[in-house]
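Report on the structure
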Amino acid sequence: MSKHIHILFTFILFSFTTVFSQENIITQKGVEFSVRITIVDDSNNEKVKNAEVSVNGINYNYPDISGRYIVKARVGDELRVSHPDFETIYYRLKSSEDIKILVENSGNIRNRDSKFSSKTRSQDLYLQHLDSVKFYKKKDIEKSLSFIEKAIESKQNKERNAATYKLLADVYLYWKQYDLAVYNYKLSHQIKEDLATKIALAKAQFLQKEYTDSEKTYLELVPEKLSNYERILVYEGLGDVNFAQKKWSFSKTNYQQALEIAKENIVTPKITDISSKIADVLAAQGKVNEAENQFINSLNFAKKENPERALEEEEKVADFYNSNQRFDEEIAIRKKSLQKAESNSSRKLSKEKDSITSQKINYKIGNAYLLKEDYKSAIPFLEKSKKGAKEKNDIVVAKDATRKISEVFASLGDNEKALKNYKEYVALVDSLYVRKEQEIQQIKRFSKKIADNQNRIASLEKDKELAQSKISLAYIDQKLSEESNQRQRLIIYSLIGGFLLMSLLAYFMFRNNKQQKLANNLLALKSMRSQMNPHFIFNALNSVNSFIAVNDERNANRYLSEFSVLMRSVLENSDEDFIPLNKEIELLELYVKLEHNRFKDKFDYAIHVDETIDLEQFSIPPMLLQPYIENAIWHGLRYKKEKGSLEIAIHKKDDKTVSISIIDDGIGRKKSQELKTKNQLKQKSKGMSTIKNRIAILNDMYKERIAVNVSDALKNGEGTKVELLLKKK
């Protein structure tokens, strides 16, 4: 260690009765054993109980009752011991013998100033505050931040200040406040450069999707003197960034470098993780056979690690088989996972991680059978999924399973059960919409609380800095009056620094609010799409019902068959903000054909598409035009005494815009309004209001891409013309 640090670290390996009992020494590499680590303050011979001890990324924050840290490790593993009051220690284990670390207290902040009495030292609660932050980190963010505030209020040196902001960033990272995590990691690293902090910063930048900055930070770490585990993290992080940037070859190279280090040092969890990520790269490159072999390797590694990790990897392999339409292999592996998920240990895993549950696995098995068109085999798994999801209040899975059950019964021709399940699906969609609205409000309140806490923390630091500046100025003015000019410059620099820091904080808050607004818009669009699909499908099912009512079984069957094709296409596009214009035209042709089959005596139709338009260059929100066509047929042409006409025309307005016209010669909007009942007048068209809201949100997000104008087709008020202007994507 450098002499200016004034801290001495001494490792003493206790042998006890090693000479007589070889059981206490394990020299075979790869065999796991327990190591007892004691950290002692050499000045008073007291044990240090606030250190953080880690081996291969596993942290041991709390000692046992005797003050010793007991860690699980192997020969060759690197031990890392960190503490706010002394430099981080790295030590490679050579045996299972106990380790004692002596810390010379001459560099400790508590003894740097003789004015600190023993009473003052006993009241130093900084380390206890940090322990409280760690204790509440994963339980209660508000309590964690309150103890951060108390730690900042405590008297700190440079090392403690850096440790405080790093721990604050760790809290934000766990609660997915990545922008605040990045900010505080940078602040901690600026106060005191630390490799572990910089690695955490790179990870936070990656999670914030700042891929260029993350890659730059990781590359700066490559030439540094890192521990083996830290080097694994750096190369793995570079692989993650390259994968997100779709730089497959670079991603694979970095993952392989990380894997070599992990295998050489027997870091089992990382061997499994990185092997799985290499398989993801191979799959993304289209190397299916190589990807499969790599997935099998990662699954074998996971089985050696623990059952929970094996379950996660099995799900990943099953997803791979699904993406390659190898449904039999997918079903076989998911059935094995299902048995594990239903065991007691797996249920605990599901509660903690909320990722692998029996209802999700049942749903995926049922979906695989559905894709195989083995509908009878799909039903029991989907029913189990729905039942389990309802028992565990998992509305998302219950909704998806119910929709699939409806599709299965529709495919089997059991329309009654299909309709029953579809109504249940719609009810679940409404429940999910309500829950999402509540979640949005909770997120807003949560974000506001975090922002308030961050402002308070920043304010505390500023107040502390200002108070310390005033004390320093008074002391200098009293003792060294000749340095008055220097004091004035110090005040100016402090104020400028405070202003810049507050400006930076305001910028981060603004960016966070902007991202939150985008997330809210996306959620609102998804909710509106969820409303549009049931609205459309219910109207179509009413048409089927009308055929059944007049005992026209042949037309009912034909209509339902054609409708199922249309419904499948609509549901496939239901999660997209935009789809190619040619797809929307195909859907409209199907829909108009269905309506014309029912109202042949009411109207004829024609669809004209300008052949000079490159339809691939234009995209449109799915199901945007259908409500206008539905209004033209149901409220205009249906009430016309003689046979009417419906024209849909798509032509080029300019190089960047196409015009889509929907023209009918029906009774017109005014007369249609007069024909409505009082009850109908009280109720607004849900489909049209939803369309208007969708267009407003999409134009806000994509800079005015869509414009709609509705007018009378003829001067006498008859007919309706809808013109939609669509700009190039």
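Please refer to the structure higher up on the page.
The shown structure was predicted, so the numbers you read here are calculated from the model rather than taken from an experiment.

About the criteria used
- Residues numbered from 1 in each chain as written.
- Predicted model: local features only at pLDDT ≥ 70, side-chain atom pairs only at ≥ 80, totals over all residues.
- Heavy atoms only, no water.
- Phe/Tyr/Trp six-rings, centres within 6.5 Å; stacked < 30°, edge-to-face > 60°.
- Buried < 20%, exposed > 50% of the residue type's maximum accessible area, 1.4 Å probe, protein only.
- Helix = DSSP H or I, 4+ residues; strand = E, 2+ residues; numbered from the N terminus.
- Axes fitted to C-alpha atoms, helices over the stretch in contact; angles between N-to-C directions.
- Parallel < 35°, antiparallel > 145°, perpendicular 65-115°, else oblique.
- Left-handed = near helix turned anticlockwise from the far one by under 90°.
- Contact = heavy atoms within 4.5 Å.
- Nonpolar A, V, L, I, M, F, W, Y, C, P; charged D, E, K, R; others polar.
- Pairing = 2+ DSSP bridges.
- Arc of directions from axis to C-beta.

The geometry of an aromatic ring pair is captured by the separation of the ring centres together with the interplanar angle, meaning the angle of the planes. Using the criterion set out here, one finds twelve aromatic pairs in the structure. Both rings, one in Phe206 and one in Tyr211, keep their centres 5.7 Å apart while their planes meet at 50 degrees; by these two values the pair is tilted. Classification of Phe206 as partly exposed rests on a relative accessible area of 21%. For the ring pair Phe295 and Phe320, a centre distance of 5.0 Å and an interplane angle of 45 degrees mean the geometry is tilted. Of the two residues, Phe295 is situated in helix α11 (residues 288-305) and Phe320 in helix α12 (residues 307-323); the sequence distance between them amounts to 25 residues. A single burial state applies to Phe295 and to Phe320, both of which are buried. Connected via pairs of aromatic rings, a cluster forms that spans Phe135, Tyr136 and Phe147.

Here the focus is the packing of helix α16 (residues 375-391) against helix α17 (residues 395-412). Taken N-terminus to C-terminus, the directions of α16 and α17 make an angle of 155 degrees; their axes are 9 Å apart at the nearest point. Between α16 and α17, the crossing angle belongs to the class labelled roughly antiparallel. α17 is crossed by α16, and the crossing has left-handed handedness. Residues Tyr375, Ala378, Ile379, Leu382, Glu383, Ser385, Lys386, Ala389 and Lys390 of α16 form the contact with α17, whose own contacting residues are Val397, Ala398, Ala401, Thr402, Lys404, Ile405, Val408, Phe409, Ser411 and Leu412. Here the residues of the contact of α16 with α17 sort into twelve nonpolar, three polar and four charged.

What follows concerns the side chain of Asn242. Relative to the helices and strands, Asn242 resides in helix α8 (residues 228-244). Contacts of Asn242, omitting those with residues within four sequence positions, involve Glu215, Lys247, Phe250, Ser251 and Asn254.

Before going further, it helps to spend a moment on the sheet that holds strand β7 (residues 78-83). In spatial order, the strands read β5-β4-β7-β8; together these four strands make up an open sheet with antiparallel pairing. Strands with a single pairing partner mark the edges of an open sheet, and in this sheet they are β5 (58-60) and β8 (86-92). Within this sheet the neighbouring strands show an average axis-to-axis angle of 20 degrees, counted without direction. With four bridges joining them, strand β4 (residues 52-55) and β7 adopt antiparallel strand pairing. Its bridge partner being in β7, Val55 is matched across the sheet by Leu79.

The next thing to look at is helix α7 (residues 211-221). Residues Ser214, Glu215, Thr217, Tyr218 and Leu221 constitute the buried set of α7. Along the axis of α7, the buried residues cluster in a sector spanning 160 degrees; they form a single face. Opposite the buried face of α7, by more than 90 degrees, sit the exposed residues Thr212 and Lys216. Those residues of α7 that are buried are in contact with α6 (195-207) and α8.

This part covers the environment of Tyr591. Inspection of the secondary structure puts Tyr591 in helix α21 (residues 581-598). The class for Tyr591 is buried, based on a relative accessible area of 5%. Sequence separation between Tyr591 and Gln626 is 35 residues; the distance between their C-alpha atoms is 7.8 Å.

We now examine the pairing of β7. Counting buried positions along β7 yields six of six residues, so the element is predominantly enclosed. A two-sided burial pattern is seen for β7, the buried positions comprising Glu78, Arg80 and Ser82 on one face and Leu79, Val81 and His83 on the other. Both β7 and β8 contribute to a ladder of five bridges, which runs antiparallel. The partner of Val81 across the bridge, within β8, is Ile89. Here β7 folds back onto β8, and the loop between the two strands holds two residues.

The quantities given are spatial measurements derived from coordinates; they are silent on function.
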